[in-house]
Amino acid sequence: MKKTKALLIVDMQNDFCPGGALAVPEGDKIVPIINKLITEFPVISASKDWHPPDSVHFQKWPVHCVADTTGADFHSELDTNSIDLVLLKGTFNKDNGYSAFEATNIDFVHWLHTRNVTDLFVCGLATDYCVKASCLDAVREGFHVFLIENAIRGVDLQSGDSEKAISDMYNAGVKIIDSEGIG
Ligand code: VGL
């Protein structure tokens, strides 16, 4: 079986972009880079934070990405035509759902295995939360994981959080790359 690479776009949703409920600084700036990346991959997955309005997650965070709201929609400029799979996470009341591997609508590992995916390339929002959690789970599940550093942005509740997250991912075995090196 031929080994395949896949792209995972994490939480490229309105609420994480400027103007949204939990805006990541410059979160929208990565959309054109991601749209270019989409043309380079045979398999494309994208996660969505998809919370119930009474989620425990909102004890820590402002209410964001409530299921079936505009805030939970993908950013309007994201090219969604080639997305093969949308992963919904944080869908239960007690469920934070930081990692795309916690998606409740599908077994993501199984989905990747059935497509012979060995290498997972990760981009999106936010570096220090859902991107990090997804990358670390992907390593644990045995994938070769590549973080596309110019196609992520962080929340940075404290300055340096994103930098620390990138170094944690690197130390776990994630390769840090630039989108220019892909293709
Ligand atoms: C995220 C904080 C809270 C993320 C989600 O997508 O990284 N961050 N919920």
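Our subject is the structure that appears above.
Residues numbered from 1 in each chain as written. Predicted model: local features only at pLDDT ≥ 70, side-chain atom pairs only at ≥ 80, totals over all residues. Heavy atoms only, no water.

**Q** So what about the overall build of the protein chain? Which residues, and what values?
**A** Summing up its helical and strand segments, the protein chain has 4 helices and 6 strands in all. Counting from the amino terminus, helix and strand elements in the protein chain follow one another as β-α-β-β-α-β-α-β-α-β. Over its C-alpha trace the protein chain gives a radius of gyration of 15 Å, about what one expects of a compact globule, namely 16 Å for 183 residues. Each principal axis of the C-alpha distribution contributes one length, and for the protein chain these read about 45 × 35 × 30 Å. Burial statistics for the protein chain: of 183 residues in total, 51% are counted as buried. Carbon and sulfur atoms form 50% of the exposed surface of the protein chain, whose accessible area is close to 8,500 Å². Taking the 15 positively charged and 26 negatively charged side chains of the protein chain as two groups, their mean positions are separated by 5 Å. (Helix = DSSP H or I, 4+ residues; strand = E, 2+ residues; numbered from the N terminus. Rg over C-alpha atoms; globule rule 2.2 N^0.38 Å. Buried < 20%, exposed > 50% of the residue type's maximum accessible area, 1.4 Å probe, protein only. Areas by Shrake-Rupley, 256 points an atom, 1.4 Å probe, with all protein chains shown as cover. Lys, Arg positive; Asp, Glu negative; His and termini not counted. Charge placed at Lys NZ, Arg CZ, Asp CG, Glu CD.)

**Q** Describe the pattern of salt bridges, with residues and values.
**A** This structure, assessed with the given rule, holds 7 salt bridges. Close ionic contact of D168 with K132 constitutes a salt bridge, the shortest N to O distance being 3.1 Å. Of this pair, D168 sits in helix α4 (residues 161-172) while K132 sits in helix α3 (residues 127-140); the two residues are 36 residues apart in sequence, bridging distant segments of the chain. Residue class for D168 comes out partly exposed when judged on its relative accessible area of 21%. A salt bridge links D168 to K164; its shortest N-O distance comes to 3.0 Å. With a gap of 4 residues between them, D168 and K164 both fall in helix α4, about one helical turn apart. Among the charged side chains, a salt-bridge network with shared partners connects D11, D49 and K89. (Salt bridge = Lys/Arg side-chain N within 4 Å of Asp/Glu carboxyl O.)

**Q** Residues and numbers for the packing of aromatic side chains, please.
**A** Tallied over the full model, the rule gives 7 aromatic pairs. Put simply, the rings of F101, F108, W111 and F143 touch in pairs and so form one group of aromatic residues. The positively charged end of K5 is found above the aromatic ring belonging to F41, 4.7 Å away from the centroid. A cation over an aromatic ring shows up here: K48 above the ring of F74, its NZ or CZ 4.5 Å from the ring centre. (Phe/Tyr/Trp six-rings, centres within 6.5 Å; stacked < 30°, edge-to-face > 60°. Lys NZ or Arg CZ within 6 Å of the ring centre and 35° of its normal.)

**Q** For the nonpolar core, give the residues involved together with the corresponding values.
**A** With 32 residues, the main nonpolar core has L7, I9, M12 and I34 as its most contacted residues. Sort the elements by how many residues they give to this core and helix α1 (residues 31-38) lands first, with 4 residues. Grouped together as the second largest cluster of nonpolar side chains are 29 residues, A100, C135, A138 and I166 included. (Core = buried A, V, L, I, M, F, W, Y, C linked by side-chain atoms within 4.5 Å.)

**Q** Explain the side chain of D49 to me, and be specific about the residues and the numbers.
**A** Locating D49 in the fold gives a position in strand β2 (residues 43-49). Among the residues examined, D49 registers a relative accessible area of 2% and is labelled buried. Within the local environment of D49, its side chain forms a polar contact with the side chain of H51, the two groups lying 3.1 Å apart. If sequence neighbours within four positions are ignored, D49 has contacts with D11, Q13, F16, H57, H64, C65, A72, K89, N96 and G97. (Polar contact = N/O pair within 3.5 Å; in protein donor to acceptor, adjacent residues only side chain to side chain. Contact = heavy atoms within 4.5 Å.)

**Q** Which residues make up the site of the ligand, and what are the values?
**A** Close contacts around the ligand come from D11, F16, L22, D49, H57, W61, H64, L125, A126, Y129 and C130, and that covers them all. Interatomic distance of 2.8 Å between a side-chain N/O atom of D11 and an oxygen atom of the ligand. Backbone polar atom of A126 to an oxygen atom of the ligand: 2.9 Å apart, as the coordinates give it. When grouped by side-chain class, the residues that make up the shell around the ligand number 7 nonpolar, 2 polar and 2 charged. (Near = heavy atom within 4 Å. Nonpolar A, V, L, I, M, F, W, Y, C, P; charged D, E, K, R; others polar.)

**Q** Lay out the pairing of strand β5 (residues 144-153) in plain terms, naming residues and giving numbers.
**A** Note that strand β4 (residues 117-125) and β5 share 6 bridges and pair parallel. The residue of β5 that forms the bridge with D119 is H144. Where the polypeptide runs from β4 across α3 and back to β5, its parallel neighbour, the crossover connection is right-handed. Across 3 bridges, β5 lies against strand β6 (residues 175-177) in parallel orientation. In the strand pairing of β6, L147 is matched with I176. In this fold, β5 hands off to α4, which returns the chain to β6; that crossover is right-handed. (Pairing = 2+ DSSP bridges. Right-handed = clockwise from strand over helix to strand, strands pointing away.)

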